[in-house]
Amino acid sequence: MKIMSLLWTKSFLFLMSIPYLCSSQPSPPPLRFSAFLDHSNLVFMSWDHDAEEIMTFELRVNTIGWVAFGFSRHGELSGSDIVIGGVFPNGSIYFSDWHAVDEENLEEDKSQDYQLLSLTEDETFTTMRFKRYFQTCDPNDLDITGDTARLISAFGTDDAVQFSKGQRFLKSLFLMRVISPTELNDPKIFFTYDLKLNDFPIPVDETTYACTFIPLPILKQKHHIYKFEPIITTHQNRSMVHHILVYACGNGSVLPTGISDCYGANPDFALCSQVVVGWAVGGGSYQFPNEAAISIGTPMDPQYIRLEIHYSNFDLIPGLIDNSGIRLYYTPDLRPYDMGVLQTGVFTFPVHFIPPGADTYKSYGLCKSSQFNEMNGTPVPDLNVFGFLLHTHLAGRGLKVVQYRNGEQVRIICEDNKYDFSLQETRDLKEVITIKVGDEILVECNFQTLDRTEITFGGPSTLNEMCLAFLFYYPRNNISSCMGYPDIQQIAHALGQEASDAMEGMIAMNYVEWNNETIKNAEKAAKEANQTVMIKTIDVSMTGVVPEDWRRANVVPILKKEEPGDDSPVCLTSIPGKLLEQ
């Protein structure tokens, strides 16, 4: 059924009887969140949600024609949930709930689940305000969830609605935000400090990791970094800057000078592992909550940082100069707590792999925190987690971070089942959650490789993969990362391959005949294999092994006495029961 016939008959006749619907109404309450839905800033959306699971939207579109807004499952039009409205020249309004039958045709929903609140038009803009429940009983409506949403917006120049001929946009957005900018305290006194590369020639390579070491501001008293934002010099460079990470360096570190490959011939350029702040594709500025911020200026705080910028120059464009980096906002107006960042997930090297041709394949990385006190040097207080950043590369489709205690699941800390590589941002939790020493943190990543014929290995390139979750917490401790990876030899043996060490295990993956059965067997084997856990502080690392019977309920750490500075493995008989049960 074509959209033209529906809009100009049923919807039009229904709404002609209520042209005064939006007149003489009190001013609506302000909506806390807003964003442009297109690159030209023609479609501006404000939104908010409440405890009754109702989301309110307001579109302000640069047109005097029809406007449309909706949800897409994965970015395509087919199956989308769309609302269309506008104001006729005579002042009558039209507004109706639709769904896309395919890429060309729309059909009006039998159940109208969007409620119009106001619809106005002036000489330049059409403004449409409406609301709906997160979940409706209409199978043609898509649920509003805590996952990344794919939003469709469109408009025409007049009221002859031709959806396929209008301007149409697709944007990924996280709608379940919990803290608005107006709820954050801006200090009266603040300073900015830029951590960036200067006139760096982007190499004509598909993947480049550029690192340099930069001093932090020299201060006479303690300050707090309360906000950061990316510095991207040009629009073209923005498409090439994949991520920017700032790592704190131990004050005893001997650091190299200049700019070099982070993970190249000189290992000194990989020094410093404690993430301070990070930005990735699609992210923007982020301001920490009023309770915590990053401490600088005291003897315990880092004096230098490592700036890491990942460039993806897939088109091999020559002659590009970049000055990208991170801008810090800091203040002497201190927050109650110093904050830290804990990196968790699958240890990228050397054994992370995803089979080709997989509609879905899950990887698991375990953090076992029982050694935190030993690694930290002093007892670690509870981690109060308030925010997170999830990260995979192009094959990632979803991530989940789960907390376990004494073998039982405590909660899902955060998740995004509709992950979009083009939108990687720091997000706030709905409420602060507590992680205690001894808890386990499991990071689960879901990948899809239907378009690939070769194995995807973990690695730095955008075409490699990662499975990471950065947890923002307070008060700060010295632990920088806690990640795990499965025993690749066990996986190889489960797939009928011979392997006497990890290297042979990785090579063996290339000899597997990948099909639906072997993909499922590989996922099951990786899920049940021993996990090696890597724990790092700002200067030191420790390796532990989570043994084969890790699914049982008892948790008994067996520690091996070590000399200070000895990084030899510590075997842990740590068995988080039901760790991977759904």
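None of the values given here were measured: they were computed from a predicted structure.

Participant: Tell me about helix H6 (residues 516–528), and name the residues and values.
Facilitator: Side chains three or four residues apart in an α-helix point the same way, a direct result of the helix having 3.6 residues per turn. For H6, built from 13 residues, the straight-helix expectation of 18 Å at 1.5 Å per residue is met to within 8% by its first-to-last C-alpha distance of 19 Å. When H6 is considered as a whole, its buried residues turn out to be Thr518, Ile519, Ala522, Ala525, Ala526 and Lys527. Of the surrounding secondary structure, the elements contacted by the buried residues of H6 are strand E26 (353–354), strand E27 (361–368), strand E35 (479–486) and helix H4 (488–494). Two to three positions downstream of the cap, the backbone nitrogen of glutamate 517 sits 3.0 Å from a side-chain oxygen, assigning the N-cap of H6 to asparagine 515.

Participant: Any chance you could break down the state of the cysteines for me, citing the residues and the numbers?
Facilitator: Under the criterion given, the structure shown has four disulfides. A sulfur-sulfur distance of 2.2 Å marks the disulfide that ties cysteine 367 to cysteine 482. An S-S torsion of about 100 degrees defines the bridge between cysteine 367 and cysteine 482 as right-handed. Linking cysteine 367 in strand E27 with cysteine 482 in strand E35, this pair joins segments that are 115 residues apart in sequence. For the residue pair cysteine 367 and cysteine 482, the accessibility class agrees, reading buried in each case. Between the sulfur atoms of cysteine 445 and its disulfide mate cysteine 467 the distance is 2.0 Å. Its S-S torsion of approximately 90 degrees makes the covalent link between cysteine 445 and cysteine 467 right-handed. On the criterion of sequence distance, the pair formed by cysteine 445 in strand E32 (residues 440–447) and cysteine 467 in the loop between strand E33 (456–457) and strand E34 (468–474) is long-range, its members being 22 residues apart. In this structure, cysteine 445 and cysteine 467 share a single accessibility class: buried.

Participant: Quick rundown of the packing of aromatic side chains? Include the residues and the values.
Facilitator: A full pass over the atoms with the stated rule returns 30 aromatic pairs. Each ring, one from tyrosine 209 and one from tyrosine 263, has its centre 5.5 Å from the other, and the planes form 65 degrees; the classification is edge-to-face. Taken together, the residues span a long stretch of sequence, with tyrosine 209 in strand E14 (residues 207–215) and tyrosine 263 in the loop between strand E17 (259–261) and strand E18 (274–280) at a distance of 54 residues. According to the relative accessible area criterion, tyrosine 263 is partly exposed, its value standing at 42%. The structure contains a cluster of three or more aromatic residues connected by ring pairs, namely Phe228, Tyr286, Phe288, Tyr337, Phe386, Phe472 and Tyr474. The ring of tyrosine 247 has arginine 306 lying over it, and the distance from NZ or CZ to the ring centre is 4.1 Å.

Participant: I'd like a description of the pattern of salt bridges, backed by residues and values.
Facilitator: Under the definition given, this model contains 15 salt bridges. Note that arginine 32 is salt-bridged to aspartate 48, the shortest N-O span being 3.0 Å. Here the residue arginine 32 occupies a position in the loop between helix H1 (3–16) and strand E1 (33–36), and aspartate 48 occupies one in strand E2 (residues 43–49), the gap between them amounting to 16 residues. For arginine 32, a relative accessible area of 30% corresponds to the partly exposed category. The partner of aspartate 81 in a salt bridge is arginine 132, and the shortest N-O contact between them spans 3.0 Å. One end of the pair, aspartate 81, is in strand E5 (residues 81–87); the other, arginine 132, is in strand E9 (residues 126–133), and 51 residues separate them in sequence. Judged by relative accessible area, aspartate 81 falls into the buried class, the value being 0%. Relative accessible area serves as the criterion here: at 2%, arginine 132 is assigned to the buried category. Via salt bridges that share partners, Arg32, Asp48 and Glu183 belong to a single interconnected network.

Participant: Can you tell me about empty space enclosed by the protein, naming the residues and giving the values?
Facilitator: Counted according to the given criterion, the structure contains three cavities of 30 Å³ or more. When its volume is computed, the largest cavity comes out at roughly 90 Å³. Lining the largest cavity are Val346, Val351, His352, Phe353, Tyr361, Lys362, Ser363, Tyr364, Pro486, Ile491, Ala526 and Gln531. It is E27 that provides the largest number of residues to the lining of the largest cavity, a total of four residues. Residues of the lining of the largest cavity, tallied by class, amount to eight nonpolar, three polar and one charged. By volume, the second largest cavity amounts to about 50 Å³. Every residue lining the second largest cavity is listed: Phe388, Leu390, Asp416, Tyr419, Leu423, Gln424, Glu425 and Arg427.

Participant: Now, about the nonpolar core: what can you tell me, with residues and values included?
Facilitator: When a protein is soluble and globular, its nonpolar side chains tend to lie buried together. Judged by nonpolar contacts, the single largest core of 108 residues is most densely connected at Val277, Phe288, Met339, Phe353, Ile491, Met509 and Trp514. Top element by residues in this core is E34. It accounts for seven residues. Every residue in contact with isoleucine 491, bar those within four places of it in the chain, is listed here: Phe353, Pro486, Met509, Ala522, Ala525, Ala526 and Ala529. Core analysis: the second largest hydrophobic core is formed by 33 residues, Val43, Phe134, Ile144 and Leu175 among them.

Participant: An account of a nonpolar patch on the surface is requested, with residue identities and associated values reported.
Facilitator: Taken together, the side chains of Phe314, Leu394 and Leu463 present a nonpolar region at the surface, about 240 Å² in accessible area. With respect to the helices and strands, the residue leucine 394 is situated in the loop between strand E28 (383–391) and strand E29 (396–405).

Participant: Explain unusual backbone geometry to me, using residue names and the numbers behind them.
Facilitator: A cis amide bond links tyrosine 474 with the next residue in sequence, proline 475, at an omega value of -5 degrees. For proline 475, the location among the structural elements is in the loop between E34 and E35. Positive phi values are uncommon outside glycine, yet asparagine 41 reaches one of about 60 degrees. Here asparagine 41 lies in the loop between E1 and E2. Taking the relative accessible area as the measure of exposure, asparagine 41 reaches 44% and is therefore partly exposed.

Criteria and thresholds
- Residues numbered from 1 in each chain as written.
- Predicted model: local features only at pLDDT ≥ 70, side-chain atom pairs only at ≥ 80, totals over all residues.
- Heavy atoms only, no water.
- Helix = DSSP H or I, 4+ residues; strand = E, 2+ residues; numbered from the N terminus.
- Expected span 1.5 Å × (residues − 1).
- Buried < 20%, exposed > 50% of the residue type's maximum accessible area, 1.4 Å probe, protein only.
- Contact = heavy atoms within 4.5 Å.
- Polar contact = N/O pair within 3.5 Å; in protein donor to acceptor, adjacent residues only side chain to side chain.
- Disulfide = S-S within 2.5 Å.
- Phe/Tyr/Trp six-rings, centres within 6.5 Å; stacked < 30°, edge-to-face > 60°.
- Lys NZ or Arg CZ within 6 Å of the ring centre and 35° of its normal.
- Salt bridge = Lys/Arg side-chain N within 4 Å of Asp/Glu carboxyl O.
- 1 Å grid on protein atoms, 1.4 Å probe; cavity = no way out; pocket = protein on both sides within 12 Å on 5 of 7 lines; lining within 4 Å.
- Points joined across faces, edges and corners; volume = space filled by probe spheres on them.
- Nonpolar A, V, L, I, M, F, W, Y, C, P; charged D, E, K, R; others polar.
- Core = buried A, V, L, I, M, F, W, Y, C linked by side-chain atoms within 4.5 Å.
- Patch = residues over 30% accessible without salt bridge, like charges linked within 9 Å, V, L, I, M, F, W, Y side chains within 5 Å.
- Areas by Shrake-Rupley, 256 points an atom, 1.4 Å probe, with all protein chains shown as cover.

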